[in-house]
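Each chain, written out:
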Amino acid sequence: MPEDLPAGKEALLEIHEISLSFKGVKALSNVSMEVQEGEICALIGPNGAGKSSLLNVINGVYRPQHGEVVFDGRHFQKITPFDAARRGIGRTFQHNALFERLTVLDNILAGLARHGKTTFWENIFHVGRDRAENRRFLAWASRVIAFLKLEEHAGTIVSTLPFGIQKRVDLARALVSEPRLLLLDEPMAGMNQDEKQEMSRIVSEVNSHFKTTIVLIEHDIGIVMGLAHRIVVLDYGSKIADGMPEQVRNDPGVIKAYLGEVYE
Amino acid sequence: MFLEVLLGGLLAGVMYSSVALGFVLIYKASGVFNFAQGSMVLFTALMYVTFVEAGIPFWIALLIVMIVMVVCAVLIERMMLRPMANRDPMVLFVATLGLSFMIEGIAQLAMGTDVHILELGVADGTLQIGDLWLSEFDLFATAMAVLMVVVISFVFNTTRIGISLRAVADDVLAAQSIGIKLPQVWRIVWSVAGFVALAAGLLWGARQGVQFSLTLSALKALPVLIIGGFSSMIGAIVAGLLVGATESLADFYLGPIFRGSVSAWFAYILAVFFLLIKPAGLFGEREIERV
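Being a predicted model, the structure only gives us computed values, none of them experimental. (Residues numbered from 1 in each chain as written. Chains lettered and ligands numbered in written order. Predicted model: local features only at pLDDT ≥ 70, side-chain atom pairs only at ≥ 80, totals over all residues.)

Below, the discussion takes up the overall build of chain A. Helix and strand content of chain A: 10 helices and 10 strands. Whereas a compact globule of 264 residues would reach a radius of gyration of roughly 18 Å, chain A reaches 19 Å, a difference of no more than 12%. Its C-alpha atoms put chain A at 60 × 40 × 40 Å along the principal axes. Each of the 264 residues in chain A was classed as buried or not, and the buried ones make up 45%. Within chain A, contacts between residues at least 6 apart in sequence are counted, and of these 68% link residues at least 24 apart. (Helix = DSSP H or I, 4+ residues; strand = E, 2+ residues; numbered from the N terminus. Rg over C-alpha atoms; globule rule 2.2 N^0.38 Å. Buried ≥ 20, exposed ≤ 12 C-beta atoms within 10 Å, placed from the backbone. Contact = placed C-beta atoms within 7 Å.)

Structural data, given as structure tokens:
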């Protein structure tokens with residue numbers, strides 16, 4: 001456990017001894033880590049290291065055979081993606097799991113599901129609290145659309161947009177519900193250097209503006225070093241390093257497993 | 001003459017569309033071919049006719065059947081869909097197969113196997129428009145189908161619950177991951193599919209009597225679904241009309257050659273033809289597998 005944490009500050013997310021395997025193939029073995037409130041934590045590691053699996057455990061897509069997740073002081077042996085979302089864990093997906101036949105605006109509005117308080121009947125007949133809620137949701141959505149500069153695409157069907165913009169829509173859909181913890185699975189995959197810088201700036205701004213705690217997966221070490229407050233390195237399903245960027249950069253095990261391949 | 005056969009066929013096609021619509025709804029929202037849709041057509045029609053024969057006013061009978069279908073939807077979600085969430089669609093398909101046997105069994109156990117005559121109060125006279133003679137009942141059926149599509153489209157496209165429905169149809173896992181209540185969406189979709197089954201059951205029942213063969217309406221919906229695409233409401237309508245029209249034209253022009261009616265099998269030939277040239281159907285989407 002790193003010693004550089006402010007004393008007495010509670011971790012927003014704790015992962016205790018998580019082990020996950022698929023039909024006997026180990027994806028994660030005995031991984032523990034903590035993420036402090038307000039932090040940007042990056043998960044790095046070679047392909048197949050278990051980064052996405054770990055993210056999927058945190059929001060309940062995968063159910064680990066062993067271990068538990070503690071979010072906001074509550075212990076979960078099993079959490080479902082629905083529960084996770086309702087409790088304020090938002091996420092994006094590696095392959096933009098967007099609602100492709102919906103417009104950008106509808107995707108973002110769908111992201112507000114966890115805040116919906118109106119009943120089915122109010123919805124259908126546009127009565128009761130429905131109007132007020134619609135207005136409020138539209139205002140929230142517009143704010144996020146403006147923040148991510150998606151205005152000109154708001155009415156466009158998602159499947160017709162380029163991949164880079166879809167990535168922003170995916171982020172917008174997660175961000176609009178004001179999650180306490182945001183999981184980003186390779187938000188910069190397939191982007192060129194300029195786009196990566198832009199996305200990195202956005203993630204950093206989300207963190208400082210909305211005070212959102214972020215766990216992200218990213219391969220570009222240069223970007224990660226500049227963005228993350230903490231880096232966790234996975235290799236073959238085990239954690240091999242955990243600390244501030246400069247600590248991790250100099251860790252011999254990490255250089256061997258990961259950085260060595262890149263900078264050779 | 002051609003025009004009259006064509007129009008008659010189109011109107012008959014509306015009946016196919018009405019059944020296919022129920023399949024599309026459930027396929028869209030849960031990716032499952034609901035084998036029980038045909039049984040639901042029988043079940044709802046049989047319930048309605050039983051209540052009416054017992055002297056209950058038709059609109060109360062309609063209301064009761066609709067409530068029963070909502071209860072069914074709640075039970076199906078709780079007992080079948082929830083335990084099988086995120087399983088292979090094939091598993092769910094087999095479950096709906098079981099469900100269809102259960103519904104048929106319960107329907108016949110509770111309400112018997114007699115053939116009932118169903119009067120909807122719509123005169124099945126003919127209406128002359130210019131040179132064309134059209135069936136009043138067919139026009140009524142068309143109006144019903146159009147109304148159903150309009151109402152369903154309205155709910156899907158203009159309400160927030162509609163956004164959730166379409167979201168679930170697109171990506172179930174992503175929908176769960178943003179906090180959409182999957183059980184609620186499923187209950188709504190199965191309820192609406194129940195109402196659609198009721199409408200189809202009344203139309204078909206009024207035509208051929210309420211009897212066990214109503215479950216076979218599902219078999220007529222199959223070629224419609226293949227041609228229109230499993231996930232498109234528009235596809236269900238267009239393909240229903242297409243099947244109806246080509247069927248009656250084929251009957252009229254090819255019937256004499258085959259010395260008998262060809263409408264029993266013509267739709268399937270048409271479906272096979274579409275499978276060869278456009279496997280996803282007219283309006284369906286081809287699945288893109290990410291590797």
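Another point: the overall build of chain B. Counting its regular elements, chain B contains 11 helices and 2 strands. For chain B, the α and β elements follow one another from N to C terminus as α-α-α-α-β-β-α-α-α-α-α-α-α. Relative to the 2.2 N^0.38 estimate, which gives 19 Å for 291 residues, the radius of gyration of chain B is 19 Å and therefore close to what a compact globule would have. Seen along its three principal axes, the alpha-carbon backbone of chain B occupies a region of about 60 × 55 × 35 Å. When each of the 291 residues of chain B is scored for burial, the buried share is 48%.

Right, let's get into the nonpolar core. In terms of nonpolar packing, the biggest core is built from 167 residues, with A42(A), A172(A), A20(B), A45(B), V168(B), V189(B) and V196(B) touching the most fellow members. Element by element, the count of residues in this core is highest for helix α8 (residues 182-208) of chain B, at 18 residues. A domain-level breakdown of this core finds at least three residues from each of domain 1 (1-88 + 180-264) and domain 2 (97-178) of chain A. Those residues in contact with A20(B), other than ones at most four positions away along the chain, are A221(B), V224(B), L225(B), G228(B), A236(B) and G240(B). (Core = buried A, V, L, I, M, F, W, Y, C linked by C-beta atoms within 7 Å. Domains from an automatic or database assignment.)

Moving on, we come to the sheet that holds strand β6 (residues 89-91) of chain A. All names here are of chain A. Judged by pairing direction, the sheet is mixed, and its 6 strands sit side by side in the order β6-β7-β8-β3-β9-β10 without closing on themselves. Both edges of this open sheet fall to β6 and β10 (238-243), since each of them pairs with a single strand only. With strand direction ignored, the average angle separating the axes of adjacent strands in the sheet is 20°. Two strands pair when backbone bridges link them, and strand β9 (residues 230-235) and β10 are joined in this way by 5 bridges, in the antiparallel orientation. Looking at β10, one finds that D235 is bridged to S238. (Pairing = 2+ DSSP bridges. Axes fitted to C-alpha atoms, helices over the stretch in contact; angles between N-to-C directions.)

Residue and element names in this part refer to chain B. Here helix α11 (residues 263-277) spans 22 Å end to end across 15 residues, near enough to the 21 Å set by a 1.5 Å rise per residue. Taken as a whole, α11 has its buried residues at S263, F266, A267, L270 and F274. Burial along α11 is one-sided: seen end-on, the buried residues are contained in an arc of 95°. Along α11, the residues that are exposed and aim more than 90 degrees away from the buried face are A264, V272 and L276. Where the residues of α11 are buried, they touch α9 (217-228) and α10 (233-258). (Expected span 1.5 Å × (residues − 1). Arc of directions from axis to C-beta.)

For the rest of this paragraph, the subject is the interface of chain A and chain B. Taken residue by residue, the interface counts 27 residues in chain A and 20 residues in chain B. Of all the secondary structure elements, the ones that give two or more residues to the side of chain A that touches chain B are α2 (81-86), α3 (104-110) and α4 (120-125) of chain A. A per-element tally of the side of chain A that touches chain B places α2(A) first, with 4 residues. Looking at side-chain class alone, the side of chain A that touches chain B contains 13 nonpolar, 7 polar and 7 charged residues. (Nonpolar A, V, L, I, M, F, W, Y, C, P; charged D, E, K, R; others polar.)

All names here are of chain A. Splitting chain A by domain gives domain 1 (1-88 + 180-264) and domain 2 (97-178). For domain 1 versus domain 2, the separation of C-alpha centres amounts to 27 Å. Taken together, the contact between domain 1 and domain 2 spans 10 residues of the former and 9 residues of the latter. Those elements that place two or more of their residues in the side of domain 1 that touches domain 2 are α2 and α7 (193-209). Looking at the side of domain 1 that touches domain 2 element by element, the count peaks at 3 residues for α7. Here the residues of the side of domain 1 that touches domain 2 sort into 7 nonpolar, 1 polar and 2 charged.

For the rest of this paragraph, the subject is the pairing of strand β1 (residues 126-129) of chain B. Residues and elements named next belong to chain B. Here β1 pairs with strand β2 (residues 132-135) via 4 bridges, running antiparallel. Within the sheet, the bridge partner assigned to Q128 lies in β2 and is W133. Count of turn residues in the β1/β2 antiparallel hairpin: 2 residues, of which G130 carries a positive phi of about 60°.

This part is about the environment of D106(A). Among the structural elements, D106(A) can be located in helix α3. Sequence-wise, D106(A) and G155(A) are 49 residues apart; in three dimensions their C-alpha atoms are separated by 8.4 Å.

Residues and elements named next belong to chain A. Within the open sheet, the 4 strands sit side by side as β2-β1-β4-β5. Their pairing is antiparallel. Of all the strands in the sheet, just β2 (25-36) and β5 (74-76) have a single pairing partner and so form its edges. This sheet shows a mean twist of 20° between the axes of neighbouring strands, independent of strand direction. Alignment of strand β1 (residues 11-22) against β2, held across 8 bridges, turns out to be antiparallel. Directly across from L13, in β2, lies its bridge partner V35.

Let us now look at the packing of helix α2 (residues 37-53) of chain B against helix α4 (residues 89-111) of chain B. Residues and elements named next belong to chain B. Their axes nearest at 9 Å, the elements α2 and α4 cross at an angle of 20°. Of the possible angle classes, the one that applies to α2 and α4 is roughly parallel. In the crossing of α2 with α4, the sense of the turn from one axis to the other is left-handed. In contact with G38, S39, M40, L42, F43, L46 and T50 of α2, α4 contributes S100, I103, E104, A107 and M111. (Parallel < 35°, antiparallel > 145°, perpendicular 65-115°, else oblique. Left-handed = near helix turned anticlockwise from the far one by under 90°.)

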